[in-house]
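Residue-level structural notes
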Amino acid sequence: KFEKPLAELKSKIASSGSKVFQDMIQELLLKNTHRTTIEMKPSKTMEQEQIKDEEDRLQSIKSNMSDEQIDEVILKTNQLKAIQATDDSPEARATIPSLQLSD
């Protein structure tokens, strides 16, 4: 399905280098006469609406939970906070890839 277009692209790149992409950018983006104008207006109450929606959703979830389930969520939250507050071991930090200035 993709072999033929990919082969054509490879042959164009082989013959003209990266000019293929320059031509595509020129044709499809820069010389494209189709335009859309979008006008955006900020909402002064969007943040409050989102906070209220989240609070309502969480209250609905909590009202459907038993006391044991609520206690379990609190316990797991405290455990997660404790794990997040501890420093990673040097061995764990050594596994994180990092870039050098030379990269």
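A brief structural summary. (Residues numbered from 1 in each chain as written. Predicted model: local features only at pLDDT ≥ 70, side-chain atom pairs only at ≥ 80, totals over all residues. Heavy atoms only, no water.)

Of the regular secondary structure elements, the protein holds 5 helices and 0 strands. When the helices and strands of the protein are placed in sequence order, the string is α-α-α-α-α. For the C-alpha atoms alone, the extent of the protein along its principal axes is close to 70 × 50 × 35 Å. Of all 103 residues assigned to the protein, the portion counted as buried reaches 1%. Working note: accessible area of the protein is about 10,400 Å², and carbon and sulfur atoms make up 57% of it. (Helix = DSSP H or I, 4+ residues; strand = E, 2+ residues; numbered from the N terminus. Buried < 20%, exposed > 50% of the residue type's maximum accessible area, 1.4 Å probe, protein only. Areas by Shrake-Rupley, 256 points an atom, 1.4 Å probe, with all protein chains shown as cover.)

Following both chains from N to C, one finds helix H1 (residues 3-16) and helix H2 (residues 19-30) inclined at 110°, their axes separated by 8 Å at the closest point. On the basis of their axis angle, the class for H1 and H2 is roughly perpendicular. Here Leu9, Lys12, Ile13 and Ser16 of H1 come into contact with H2, specifically with Lys19, Val20 and Phe21. (Axes fitted to C-alpha atoms, helices over the stretch in contact; angles between N-to-C directions. Parallel < 35°, antiparallel > 145°, perpendicular 65-115°, else oblique. Contact = heavy atoms within 4.5 Å.)

Bringing the environment of Glu49 into the picture now. Position of Glu49 relative to the elements: it lies in helix H3 (residues 46-63). Assessed through its relative accessible area of 44%, Glu49 is described here as partly exposed. Separated by 29 residues in the primary sequence, Glu49 and Val20 have C-alpha atoms spaced 48 Å apart.

Residues separated by three or four positions in an α-helix point in the same direction, a consequence of the helix having 3.6 residues per turn. Along its 14 residues, H1 runs 20 Å from first to last C-alpha, staying within 8% of the 20 Å computed at 1.5 Å per residue. Following H1 by one or two positions, Gly17 adopts a phi angle in the positive range, close to 70°. (Expected span 1.5 Å × (residues − 1).)

Further remarks concern the pattern of salt bridges. When their charged atoms lie close together, side chains carrying opposite charge are able to pair. Counted according to the given criterion, the structure contains 2 salt bridges. For Asp56, the salt bridge goes to Lys52, with nearest N and O atoms at 2.8 Å. One end of the pair, Asp56, and the other, Lys52, are both in helix H3, 4 residues apart, so they sit about a helical turn from each other. A relative accessible area of 48% places Lys52 in the partly exposed class. One salt bridge in this structure joins Lys76 and Glu72, with 3.1 Å as the shortest N-O distance. With Lys76 and Glu72 both in helix H4 (residues 67-85) and 4 residues apart, the pair spans about one turn of that helix. (Salt bridge = Lys/Arg side-chain N within 4 Å of Asp/Glu carboxyl O.)

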